[in-house]
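# Reading the structure
Here's the letter readout for the chains.
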Amino acid sequence: SSARPLQRLSIVLLRKVNVRDALNQAMDEELERDEKVFLLGEEVAQYDGAYKVSRGLWKKYGDKRIIDTPITEMGFAGIAVGAAFAGLRPICEFMTWNFSMQAIDQVINSAAKTYYMSAGAQPVPIVFRGPNGSSAGVAAQHSQCFAAWYGHCPGLKVVSPWNSEDARGLLKAAIRDNNPVVFLENELMYGVPFDLSEEVMHKDFVLPIGKAKVERQGTHITLVSHSRCVGFCLDAAAVLAKEGVECEVVNLRTIRPLDVETIEASVMKTGHLVTVEGGWPQYGVGAEICARIMEGPAFNYLDAPAVRVTGVDIPMPYAKILEDHSVPQIKDIIFTVKKVLNM
Amino acid sequence: RVLELTGCAASMVASSRSYADFTPEATFDIKKVDLHRLEEGPPLTATLTREEGLKYYRTMQTIRRMELKADQLYKQKIIRGFCHLYDGQEACAVGIEGGITLSDHLITAYRAHGYTLTRGGTVREIMAELTGRRGGIAKGKGGSMHMYTKNFYGGNGIVGAQVPLGAGVALACKYLGNDQLCVSLYGDGAANQGQIFETYNMSSLWKLPIIFICENNQYGMGTSVERSSASTEYYKRGDYIPGLRVDGMDVLCVREATKFAADHCRSGKGPILMELQTYRYHGHSMSDPGVSYRTREEIQEVRSKSDPISMLKDRMLSNNMASIEELKEIDIAVRKEIEDAAQFATTDPEPPLDDLCSHIFANDQPFEVRAATPWTKLTSTS
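Residues numbered from 1 in each chain as written. Chains lettered and ligands numbered in written order. Predicted model: local features only at pLDDT ≥ 70, side-chain atom pairs only at ≥ 80, totals over all residues. Heavy atoms only, no water.

An unreviewed UniProt entry lists chain B under the name Pyruvate dehydrogenase E1 component subunit alpha, with Oncorhynchus kisutch as the source organism. The UniProt entry for chain B carries this comment under Catalytic activity (unreviewed entry): "N(6)-[(R)-lipoyl]-L-lysyl-[protein] + pyruvate + H(+) = N(6)-[(R)-S(8)-acetyldihydrolipoyl]-L-lysyl-[protein] + CO2". Listed under Function (unreviewed entry) in UniProt, the entry text for chain B is "The pyruvate dehydrogenase complex catalyzes the overall conversion of pyruvate to acetyl-CoA and CO(2), and thereby links the glycolytic pathway to the tricarboxylic cycle." (UniProt positions renumbered as here; feature names shortened; annotations may be inferred.)

As recorded by an unreviewed UniProt entry, chain A carries the name Pyruvate dehydrogenase E1 component subunit beta and is attributed to Oncorhynchus kisutch. Its UniProt record gives chain A the following Cofactor (unreviewed entry) comment, quoted word for word: "thiamine diphosphate". In its Subcellular location (unreviewed entry) section, the UniProt entry covering chain A states "Mitochondrion".

Spelled out as structure tokens, the structure:
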């Protein structure tokens, strides 16, 4: 044909990656990049991970770098921290964060506080990771959310990814960080796929710890959330949009340090705030956000009190009907938004 | 006798005696070590050179005097909070260091001033840490229980937590293939902690180069070993881990046992456990007079019959390895070092308020730290 200029086609290549695989790939890449990185925890090696997050890693890296531990959390968390003292970069998996309570002294007193107590002589480059919060039918002892407990402590960074991009970028950042990072995953999100761009798939893609992301722009009300509840907020926002209410959805990504600036900027725009979390209400993440908004410049922009949507203040029951009513549902978010907007 | 009393004349006498008069080295019988799951133990004799002897004497005396000075300063309320003194146990810290090198690693609990010294800290920076000054080894941020040096990981306040930490350091040694080992210390009180048994298990499974050392000073705070432990044979508590029970008041016993244990570790055999039988003259801490759960007679008996510094001194004098004057000179020099350090520790300024929020995170950009009220702006620095 004739001399017509070639049309430039810009194709954004997207890959569907679920959260589990995003975490797996992040660990694989960081293990390859730095030989001081290693993974230890129960069933992480030969079983491929209790939730298959570490699938294939033992086969690739072997016994030295992927270590199966006995069921002794206090002991192996302490060993992980000691290894970090001596210059290695451990990833310590708790099969679920509920089991971290057995080891919490090592996370707080040995890991979080040491850099400070030593006046900077002893950094602790460790990542503690595992699934956090409620699952499905696992009952009271296996369903607690630890964002507020760990988020309370100076010296720790606490991260709570929602989607695959969060999981990948934040885990890589956490592993590269020279400080103790508590990495709170969510079991029910592991199997959920998300589109990831080439940029996100790059081996040096990291997300900044301590920076929230506005997932959906809106003008009428700000919804702030973390982890799985971000998805519920987006679902609620879609329903509310049909009634003309435009919600701005903020994905915290990090619990500590809290990106209060992003929340404030949003509240100063919308004048209304609802926080949404899976954890218990008392002394929780939402409570902290509301207190900070009260104390800061955004207060003067509020047209209604800031309100929290949370898990119900009970140990998690087993029966499905009870469990469903123990966690925030989309209808609870919609109901709350309408209350706050006086609709 | 008169010459002894007048230091000046004494030093004249000492300098008129040439060092060729002294025995350069002697071999001593040392107490047999009780063994657990070991066919052979450390040797029954130890060779001490004059140089080593003087070095051990000086270091033990320095620890002794430093701890006694800390006692004084605490009573004057210049040192605050917790202060757990090590006097009586000097042979442990000094003997252990004699069996390893500074490229090996060590971690202990809160009775840590002696180890901070043997691991390379100076009296000056230790005392200034106790008084909470900016010249302290942790810049005043840590205090008595949180002092660190190269390859020394404190100073740990939570009973037993340091033991798995030490195994983690040992894991790093094995991982990096550097032929180093980690000594992980705990007391008779900590010996019943579950996490220690968890650590025994993993260290043995993975053959970590770790020497577990139980400093058994007979009392966990106010509770005697008989009242806390169903089994007081702490050297056997590692079960499948070979163990040694050692006289912790004899620096040579401790040194030989440590050398033996270090060889065991470095040969790839995995962990080994040493129980050092020792004694603390002070109570558990400065808030414990230490006489409600033990008698003054008991303390006095240990002092007169088993004091580690006296034991070494007697050995050296009776074998003509040093003179009384020479040791006295060391005492005087030590006393001066402690006085100078105390002077520094009481006059150095406290840390600047800017340090309040420093060292929260490593390698980070400065960030805002919440103060006591919302209006005060504090910034952290790495």
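From this point, things continue past the structure.
Okay, the packing of aromatic side chains next. In this structure the tally under the stated criterion is 15 aromatic pairs over all chains. Taken together, a centroid distance of 6.0 Å and an interplanar angle of 45 degrees make the contact between Tyr51(A) and Tyr190(A) tilted. Remark: Tyr190(A) occurs in the loop between β7 (181-185) and β8 (193-197) and Tyr51(A) occurs in the loop between β2 (37-41) and α2 (57-61); sequence separation between them is 139 residues. Judged by its relative accessible area of 1%, Tyr190(A) falls in the buried class. For the ring pair Phe146(A) and Trp149(A), a centre distance of 5.4 Å and an interplane angle of 85 degrees mean the geometry is edge-to-face. For Trp149(A), a relative accessible area of 43% corresponds to the partly exposed category. The aromatic ring of Tyr175(B) is capped on one face by Lys64(A), whose charged end is 4.5 Å from the ring centroid. It is Lys141(B) that lies over the ring of Tyr116(A); its NZ or CZ is 4.1 Å from the centre. (Phe/Tyr/Trp six-rings, centres within 6.5 Å; stacked < 30°, edge-to-face > 60°. Helix = DSSP H or I, 4+ residues; strand = E, 2+ residues; numbered from the N terminus. Buried < 20%, exposed > 50% of the residue type's maximum accessible area, 1.4 Å probe, protein only. Lys NZ or Arg CZ within 6 Å of the ring centre and 35° of its normal.)

Mapped onto the present numbering, the UniProt feature "domain: Dehydrogenase E1 component" (unreviewed entry) falls at residues 58-352 of chain B. Between the C-alpha atoms that bound residues 58-352 of chain B there is a distance of 35 Å. The span itself is 47% helix and 11% strand.

All names here are of chain B. Per-chain confidence: chain B averages 95 in pLDDT, with 95% of residues scoring 70 or above. Taken together, the stretch residues 1-16 has pLDDT below 50 and engages in 9 contacts with residues farther than four places along the chain or on a different chain. In the model output, the complex is listed with pTM 0.94 alongside ipTM 0.93. (pLDDT = per-residue confidence, 0-100. Contact = heavy atoms within 4.5 Å.)

This part takes up the interface of chain A and chain B. Tallying the contact residues gives 42 residues for chain A and 36 residues for chain B. For the pair chain A and chain B, the two sides together bury roughly 3,400 Å², of which 67% comes from carbon and sulfur. When the buried area of chain A at its contact with chain B is split by residue, Ile79(A), Tyr116(A) and Met117(A) rank highest and sum to 20% of it. Counting across the interface, chain A meets chain B through 2 salt bridges. Between Glu295(A) and Arg370(B) there is a salt bridge, and its shortest N-O distance comes to 2.3 Å. Going through the elements one at a time, β2, β3 (66-68), α3 (73-85), α4 (104-112) and α5 (114-117) of chain A are the ones with two or more residues in the side of chain A that touches chain B. For the side of chain A that touches chain B, the leading source of residues is α3(A), giving 10 residues. Taken together, the residues of the side of chain A that touches chain B break down into 18 nonpolar, 15 polar and 9 charged. (Buried area = accessible area lost by both parts, 1.4 Å probe. Salt bridge = Lys/Arg side-chain N within 4 Å of Asp/Glu carboxyl O. Nonpolar A, V, L, I, M, F, W, Y, C, P; charged D, E, K, R; others polar.)

In this structure, Phe128(A) and Tyr186(B) are the most contacted members of the largest nonpolar core, which totals 73 residues. The residues contacting Phe128(A), other than those within four sequence positions of it, are Ala77(A), Val81(A), Cys92(A), Phe94(A), Trp97(A), Val107(A), Ala111(A), Val181(A), Val182(A) and Phe183(A). By size, the runner-up hydrophobic cluster in this structure holds 70 residues, among which are Phe28(B), Cys92(B), Cys265(B) and Leu276(B). (Core = buried A, V, L, I, M, F, W, Y, C linked by side-chain atoms within 4.5 Å.)

Attention shifts here to the packing of helix α6 (residues 123-130) of chain B against helix α13 (residues 324-347) of chain B. When two helices pack together, their arrangement is given by the angle between the helix axes and the distance between those axes. All names here are of chain B. Running from N to C, α6 and α13 cross one another at 40 degrees; their axes reach a closest spacing of 8 Å. The orientation of α6 with respect to α13, classified from their angle, is oblique. Handedness of the α6/α13 crossing: right-handed. Facing Val123, Arg124, Met127 and Ala128 of α6, the residues of α13 in contact are Glu337, Ile338, Ala341, Ala342, Phe344 and Ala345. Its residues assigned to classes, the contact of α6 with α13 comprises 8 nonpolar, no polar and 2 charged. (Axes fitted to C-alpha atoms, helices over the stretch in contact; angles between N-to-C directions. Parallel < 35°, antiparallel > 145°, perpendicular 65-115°, else oblique. Left-handed = near helix turned anticlockwise from the far one by under 90°.)

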